[in-house]
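Next come the chains, spelled out residue by residue.
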Amino acid sequence: MSYQPHHIPLSLYIHMPWCVRKCPYCDFNSHELAEGKLDLALEQQYLQALVADFQHQTQFIQGRKLHSVFIGGGTPSLISAQGYQWLFEQLRQYIDFTVDCEITMEANPGTLEHAPFEHYLTAGINRLSIGVQSFNDEHLKVLGRIHDPQNAKVAIEKAEKAGFKRINVDLMHGLPQQNIQQALYDLQTAIDLGATHISWYQLTIEPNTVFFRTQPILPDEEVLEQIQFQGEQLLKQHGFINYEVSAWAKELPSQHNQNYWQFGDYLAIGAGAHGKVSLPDGVYRFQKTRLPKDYLAKIPAEHLQFKKIKAEEIPFEFMMNALRLTEGVPSAYYPQRTGLTLQTLEPALTQLRQKKLLQQHTGQLRCSEQGRLYLNSVLDAFL
């Protein structure tokens, strides 16, 4: 058996749960700050809790190094650059970072006055993901964002001047009453501003959000299809490659997100954070207590909810991630990262290839163009 957990790439997800204002479409674990600012004492308390949390997970390292770190939220740019520098110094006492470790921080244009970009770069963060969502002022207001188009443009420009070479811009399309021209304008603006990576995804209405309770008027299906088609053509014209369902890269893909999709391992610290680890007896997922006050009140062992993935659930879990990638993954990844043999999937794989939903070559698990259009149907074959 080729299953060797200590050879599976290892990443780290860090969750910062606070934001200035909760957006009406957001279903992430984020909590509004009473006065819109993070108190220094609370920041320090939370950072110390993150280190204690990580200490409790060192048993899962298995001799590996971190090849990527992603700081998500909430709004991670509410944490000071000095705080991150201290945090990384503490983490390095327990694990080595690879020389080219990708460290991404999500940042919202409306909170970037917290510290100059140069300080975050000095702290060790080498990739930014800026939550723009739109360059249209009316759409930003509907989405509940605290920045305006000019804030977003200035943030991207300042990040470039500070020395960041890798900048992702988050954009949504299919916004309330958005037309095709407005959606294309958002993309073109991000391109013109020099974004090297664009996460471009359609707004979906999620349960437990304000938009779910009072649903806005969204574009009809014909408009949504044209936005998708014309937007993809525009990105391709400017040299962007669609390496994952909603991810477009002009240069390097996100190493951290690729590790998720390739069924790699990732430790997770912070309120509500989710992780995945491969151990000699199987693959496990875990998550943390969601509320910041509960997270801070408990010792790490008490807020770790740990669950082994059942063998019969692994095919769907693996394929749900791997087939999001345009190039798919090497077939060898399945036994190497699950401990199961590929032969058990052959009936489903053969059927999908016959329907021309999977590509034929055996060295790669990869959707055809048709399969990418009907990805949910493809995944149903592995349930």
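Right, let's walk through the structure included here. Counting of residues starts from 1 at the beginning of each chain's written sequence and follows it residue by residue. Per-residue local features are limited, in this predicted model, to residues with pLDDT of at least 70; the limit for side-chain atom pairs, both in listing and counting, is 80 or more; totals at the level of whole chains, interfaces and linings are taken over all residues. Based on all heavy atoms of the structure, the side-chain values leave hydrogens and waters out of the count.

## Remarks on helix α2 (residues 81–91)
Since there are 3.6 residues in each turn of an α-helix, residues three or four apart along the chain are aligned in direction. Heads up, the condition is: Each residue is placed in one exposure class: buried if its accessible area under a 1.4 Å probe, protein chains only, is under 20% of its type's maximum, exposed if it is over 50%, and partly exposed if it falls in between. Strands here are runs of E lasting at least two residues and helices are runs of H or I lasting at least four, both read from the DSSP assignment and numbered beginning at the N terminus. Here, two residues are considered to be in contact whenever any of their heavy atoms come within 4.5 Å of each other.
All buried positions along α2 are accounted for by Ala81, Gly83, Tyr84, Leu87, Phe88, Gln90 and Leu91. Buried residues belonging to α2 abut β1 (10–16), α1 (40–55), β4 (66–73), β5 (97–107) and α3 (117–123).

## Comments concerning unusual backbone geometry
Look at the link from glycine 73 to glycine 74: it is a cis peptide, with omega at 20 degrees. In this structure, asparagine 208 is a non-glycine residue whose phi angle is positive, near 65 degrees. With respect to the helices and strands, asparagine 208 occurs in the loop between β8 (197–202) and α7 (210–213). The phi angle at lysine 356 is positive, at roughly 60 degrees, despite the residue not being glycine. With respect to the helices, strands and loops of the structure, lysine 356 is situated in the loop between α13 (346–354) and β16 (364–365). Since its relative accessible area comes to 61%, lysine 356 is described here as exposed.

## Observations concerning the nonpolar core
Using the following cut-off: The criterion is simple. A nonpolar core is a set of buried Ala, Val, Leu, Ile, Met, Phe, Trp, Tyr and Cys residues joined through side-chain atoms within 4.5 Å.
Ile14, Tyr84, Ile125 and Ile198 are the most contacted members of the largest nonpolar core, which totals 76 residues. Ignoring sequence-local partners within four residues, the contact set of tyrosine 84 consists of Met16, Ile71, Pro76, Ile79, Met105, Tyr120, Ala123 and Ile125. Core analysis: the next-biggest nonpolar cluster, separate from the first, contains 30 residues, Leu325, Val329, Leu345 and Leu379 among them.

## A few points about the pairing of β1
Formally: Between any two strands, pairing holds if DSSP finds at least two bridges.
Taken across its seven residues, β1 has seven buried, putting it largely inside the fold. Residues Leu10, Leu12, Ile14 and Met16 point to one face of β1 and Ser11, Tyr13 and His15 to the other, with burial holding for every one of them. Sheet analysis places β1 next to strand β11 (residues 265–269), joined by five bridges and oriented parallel. Residue pairing in the sheet places serine 11 in a bridge with tyrosine 266 of β11. Looking at chain direction, β1 and β4 are connected through seven bridges and run parallel. Considered in β4, the bridge of isoleucine 14 is made with isoleucine 71.

## What to know about the packing of helix α6 (residues 180–192) against helix α8 (residues 221–237)
Defined as follows: Lines fitted to C-alpha atoms define the axes, with helix axes restricted to the stretch in contact, and inter-axis angles between N-to-C directions lie between 0 and 180 degrees. For classification, angles of less than 35 degrees are called roughly parallel, those exceeding 145 degrees roughly antiparallel, those between 65 and 115 degrees roughly perpendicular, and all remaining angles oblique. It is the rotation of the near helix from the far one that decides the hand of a crossing: anticlockwise by less than a right angle makes it left-handed, clockwise makes it right-handed.
Taken N-terminus to C-terminus, the directions of α6 and α8 make an angle of 25 degrees; their axes are 9 Å apart at the nearest point. In terms of orientation, α6 lies roughly parallel with respect to α8. Viewed along their axes, α6 and α8 form a crossing whose handedness is right-handed. Residues Ile180, Ala183, Leu184, Leu187, Gln188 and Ile191 of α6 form the contact with α8, whose participating residues are Val223, Gln226, Ile227, Gln230, Gly231, Leu234 and Leu235.

By themselves, these are just geometric observations and shouldn't be taken as functional.
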